[in-house]
Structure formats: structure tokens, C-alpha cells
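Working through the structure, step by step
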Amino acid sequence: MRGSIKTQITAALKCCTKIKESRHLQKQLHGGKSPYIHSMGTFDRTARRLWPLQGWLKARGIYDIELLTNELVKEYLDCRLAYHIGKGNCRQTFKVEVAAIGNLERGLTLFSQLHRAIPTVYDFSKARKSFTAKARQLSKTTSEYESRGLPDPLAFIAALEEPHHKLMAALQLYCGCRSEGVGAPQRGYPGGNPLTLQHFTGPDGKLVPTQKDSVTGEMVRPFWTKEKGGKVAWKYCPASPAKQVLDWLAAHPDGLCEAYSAYLAAINKAMRDTGQSVRGRGTHALRFNFARRRYRQCIAAGMGDEEAKRQVSREMSHNRPDITEGYYA
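Analysis parameters
Residues numbered from 1 in each chain as written. Predicted model: local features only at pLDDT ≥ 70, side-chain atom pairs only at ≥ 80, totals over all residues. Heavy atoms only, no water. Disulfide = S-S within 2.5 Å. Buried < 20%, exposed > 50% of the residue type's maximum accessible area, 1.4 Å probe, protein only. Axes fitted to C-alpha atoms, helices over the stretch in contact; angles between N-to-C directions. Helix = DSSP H or I, 4+ residues; strand = E, 2+ residues; numbered from the N terminus. Parallel < 35°, antiparallel > 145°, perpendicular 65-115°, else oblique. Contact = heavy atoms within 4.5 Å. Polar contact = N/O pair within 3.5 Å; in protein donor to acceptor, adjacent residues only side chain to side chain. Core = buried A, V, L, I, M, F, W, Y, C linked by side-chain atoms within 4.5 Å.

**Here we look at the state of the cysteines**
Disulfides are covalent bonds that link the sulfur atoms of two cysteine residues. Under the definition given, this model contains 0 disulfides. Not part of a disulfide, Cys-175 finds its nearest cysteine sulfur in Cys-237, a span of 3.8 Å. A disulfide-free cysteine, Cys-298 has its sulfur positioned 12 Å from the sulfur of Cys-90, the nearest such atom. Cys-298 sits in the buried class, given a relative accessible area of 0%.

**Looking at the packing of helix 9 (residues 163-175) against helix 11 (residues 260-273)**
Where helix 9 meets helix 11, the axes come as close as 11 Å, and the angle between the chain directions of the two elements is 80°. Considering their axes alone, helix 9 and helix 11 lie roughly perpendicular with respect to each other. Two secondary-structure elements touch here, helix 9 through His-165, Met-168, Ala-169 and Gln-172 and helix 11 through Ala-262, Tyr-263 and Ala-266.

**Observations concerning the environment of Arg-314**
Relative to the helices and strands, Arg-314 resides in helix 13 (residues 305-315). The exposure class assigned to Arg-314 is exposed, which follows from its relative accessible area of 54%. Along the sequence, Arg-314 and Trp-234 sit 80 residues apart, while their C-alpha atoms lie 9.8 Å from each other. Polar side-chain contacts of Arg-314 include one of 2.6 Å to the side chain of Gln-311.

**Some points on the nonpolar core**
Leu-53, Ile-65 and Leu-68 are the most contacted members of the largest nonpolar core, which totals 36 residues. Counting residues per element, the ones that place at least two in this core are helix 1 (5-15), helix 3 (40-50), helix 4 (52-58), helix 5 (70-87), helix 6 (91-115) and helix 7 (125-134). If you tally residues by element for this core, the top one is helix 6, at 7 residues. With sequence-adjacent residues up to four places away left out, Leu-68 is seen in contact with Leu-53, Leu-57, Val-73, Leu-104, Tyr-122 and Phe-124.

All we've got here are geometric facts, nothing functional implied.
Here it is in C-alpha cells:
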């Protein structure tokens, strides 16, 4: 196969990609599990998981992906397992790399059927299955998002007395906003930092259209906030809380806005009233809840541990995943 290893991997994966074809139909045709890639997001993630293979093959003087064998795949996965153990990564991160090898296996077989006079059937299943047990050397998860949030965030929001406080807290819970992003800046914002209808509209003055969540596929409403250091960040709100916020903003053009001290006092009272008060938890507790839920959604969507952390980090307006990791440790 011609081109760089990355180019060859892409060519092979394209052969097992059916973007516009029904996943449901393919599941029926193949015993409940589709052997194909059905979205560009999955395609991109699968390709990225295979990029380390390029350097590994080059180091062995191999520049043609069609020379890949079961024994080479076994050596490669041994190398990758050692890498993840050394990094302290979790089992899920390694498992998605093994799954990507399965996609490459199917892609290479289909590529060979299409382009070679004597097709080759690639089978790396023995190598992949041998690492199912070995993956247990890795921890199930390295996420630090499991302990700092509220045990029952919905009960907490229900206990808030002011309607605008409920909406502010909901945006923190569902979108990962800081308090200054929902109208309650701690400092550095003369005149406050209200969240208004303008934050949901584009240059034409119309609401920014809803779009599919890149992780869950659900419809979400984009809006922007101005948060830490004056940084502008886009957030994505699920349909139901977004409608409640928009309805409130239509009736209150001054927007969501509150002195931080008053918002914090309301937060602390609701935590006490629901038995969820812990010293130092404060308004950031809802961001911990967001991080926990979003991380789990990313894992459920097939992301590895590191990739899931990067996604959560971006959505929480952190510059790097390690900042997010340390922030929630």
C-alpha cells in the first residue's frame, strides 16, 4: 500500500466505514453487532488510536501496513500495554486501542478484496483476545471525578428558594459553567457579568441553532459565557434546562445576575437543607457533578480514559487535561 502508515491506516478504515448506512440494519445482518464504522466521530477516534502503530512499525523497518501479521500485532499490543502501565492509565484506554486493531483488521481485509488480485484475509483475533486478561493489570478507571460533587444535585437545586438561583445552578450542573459564567462573578467584573439572551444569539440576532451533542448525539443549545480571566467559552445545554433559561431571559432582559456572596449563601443554605453540606464544597460542587457525568458519557461513547479527560477538560475551559485532573483530585 502506498503513502505513509497514517495514510494507509486511513485508507483501510475507509473500507469498513458506512457513514450513511443504517447501523441498525447492519446489526441485524451481522448477529447484533455492526462490523462497520457509522460516524465521522468514530472514524476519527479510531484512526487516532492507531497512530502509535506508525512509529512502532517504522522502528522495525516496516513501511507497508499490509505486512501486518498476528505476531506483529501481539508484539505491538505488548508494547502498548507496557506503555499504559507505565503511564498509570486505565483499562478502558487500552481496550479501545485493542478494539481499533479490530477495525483495522476488517479494513485491511476489505481493502485487499477490493484492490488485490489475490486477496488476503487478515485475522488478528488471537492477538486481541490474548490481551483481554492482560488488560486486568490496569485499573478500571483513573478518573478523579467521583467524589467531589453533590450526592443528589437535583434535590439541591429544588431546595434553592429563588428561581434565578435554580437556573444558575442548573447551568453549572448541566454545562460545567463557573459561577461567573452564570452571572455571579467573585471579582474582576465591574458592574457584574450577567448572562443575557445575547449569549444565546449569533451576529444576526437570532438564536444559535441547536445541534447534536458530539458525545451523546442528543440535541443541545449552544451559548457562550465569559468566565475566568475574561475568557469566552462555548457551552452546550440540554434542551429542557435551555428552554427554562430562555423563557426566563425573555421575561428578564437584564439577565441572570447575582452578587457572588448572595449566590454562595443560597448555595450553602440549600446544601445544609438537603444534608449535603461539606466544608469548602461551595459553588464548584456542581462542576464536579458535571465532570463526573460527562466523563461517564464519554466512556460510554467509546472514548478511552485519556480522550475522555481531554473532552471534559475542553468543556470545562481548562487548558490541559492534567489541569482538570489536578483540579478534581
